[in-house]
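# Architecture at a glance
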Amino acid sequence: MNIELIKGDITKIQADAIVNAANSSLLGGGGVDGAIHRAGGKQILDECIEIRNKQGKCNTGEAVVTTAGNLPAQYVIHTVGPVWNGDEGKCFPLLENCYKNSLKLAESLGIKTIAFPNISTGVYRFPKEAAGKIAVETVKNFRSDTVGKIIFVCFDDENEAIYRELLENNNKI
Ligand code: ADP
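- The name an unreviewed UniProt entry gives the protein is Macro domain-containing protein, with Chryseobacterium hagamense as the organism.

## A few points about the overall build of the protein
- Each helix and strand in the protein was counted, giving five helices and six strands.
- Overall, the protein shows an N-to-C arrangement of helices and strands of β-β-α-α-β-β-α-β-α-β-α.
- Taking 16 Å as the expected radius of gyration for a compact globule of 173 residues, we find that the protein reaches 15 Å, a close match to that expectation.
- Every one of the 173 residues in the protein was classed for burial, and the buried ones make up 42%.
- Sequence separation of at least 24 residues holds for 74% of the intrachain contacts in the protein that already meet a minimum separation of 6.

## Thoughts on the site of the ligand
- If you check the shell around the ligand, you find 21 residues, and the closest are Ala-21, Gly-31, Gly-122, Tyr-124 and Phe-155.
- Looking at which element gives the most residues to the shell around the ligand, the answer is helix H1 (residues 31–40), with four residues.
- For the shell around the ligand, the class distribution of residues is ten nonpolar, eight polar and three charged.

## A few points about unusual backbone geometry
- In this structure, Ser-120 takes a positive phi of about 75° despite not being glycine.
- Given 27 C-beta atoms within a 10 Å radius, Ser-120 is considered buried.
- One non-glycine residue, Arg-125, lies in positive phi territory at about 60°.
- The residue Arg-125 is located in the loop between strand S5 (113–116) and helix H4 (128–141) in this model.

## Topic: the sheet that holds strand S1 (residues 2–7)
- Taken together, the six strands give an open sheet; going across it, the order is S1-S6-S5-S2-S4-S3, and neighbouring strands pair in mixed fashion. Two strands close off the open sheet at either side, each with one partner strand: S1 and strand S3 (63–67). Neighbour-to-neighbour, the strand axes of the sheet open up by a mean angle of 25°, direction not taken into account.
- Here six bridges tie strand S2 (residues 17–22) to strand S4 (residues 75–80), and the two strands are oriented parallel to one another. Of the residues in S4, the one forming a bridge with Ala-21 is Thr-79.

Criteria and thresholds
Residues numbered from 1 in each chain as written. Predicted model: local features only at pLDDT ≥ 70, side-chain atom pairs only at ≥ 80, totals over all residues. Helix = DSSP H or I, 4+ residues; strand = E, 2+ residues; numbered from the N terminus. Rg over C-alpha atoms; globule rule 2.2 N^0.38 Å. Buried ≥ 20, exposed ≤ 12 C-beta atoms within 10 Å, placed from the backbone. Contact = placed C-beta atoms within 7 Å. Near = placed C-beta within 6 Å. Nonpolar A, V, L, I, M, F, W, Y, C, P; charged D, E, K, R; others polar. Pairing = 2+ DSSP bridges. Axes fitted to C-alpha atoms, helices over the stretch in contact; angles between N-to-C directions.

Encoded structure:
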């Protein structure tokens, strides 16, 4: 698995799929969710509404897919991160599920390149260091016949520094 780090705005990334840190309503929100819906246009929201009408809300740790509207990516995979409440035993596996289920969905679509934001580390207040470790470990352990490249898109300096160190250490192993 080829793992890359980019500092910037995930809406600008030309991957087969970008991942959205959505909320369970799937109807848009702030942060990266707001940015994706703003830049991607109404089509993404329309498809999210369709999914909601079919299956109801999206549970924490689960993932659903829409097309990407006006974005340079082909698909948006929407996953719902856990809201941090200090309970590592509950929150750690739920965040791991976000990465796993997004990757499984990507594989089922034959996706080669997928970009992740730092799920749950904004409004949902997950500790960034722990979230970074979970993200890197989970994608590193994912075996796939189709997905060959994963891009971590860090928006803030703190996450960028955390991921840079995690990936440097990772490359040394
Ligand atoms: P959550 O509710 O899962 O915490 P947020 O959107 O509040 O979601 O934050 C998740 C991460 O996404 C944060 O690290 C934030 O800095 C980052 N982020 C915000 N906007 C963008 C963007 N346009 N591209 C990539 N990452 C972004």
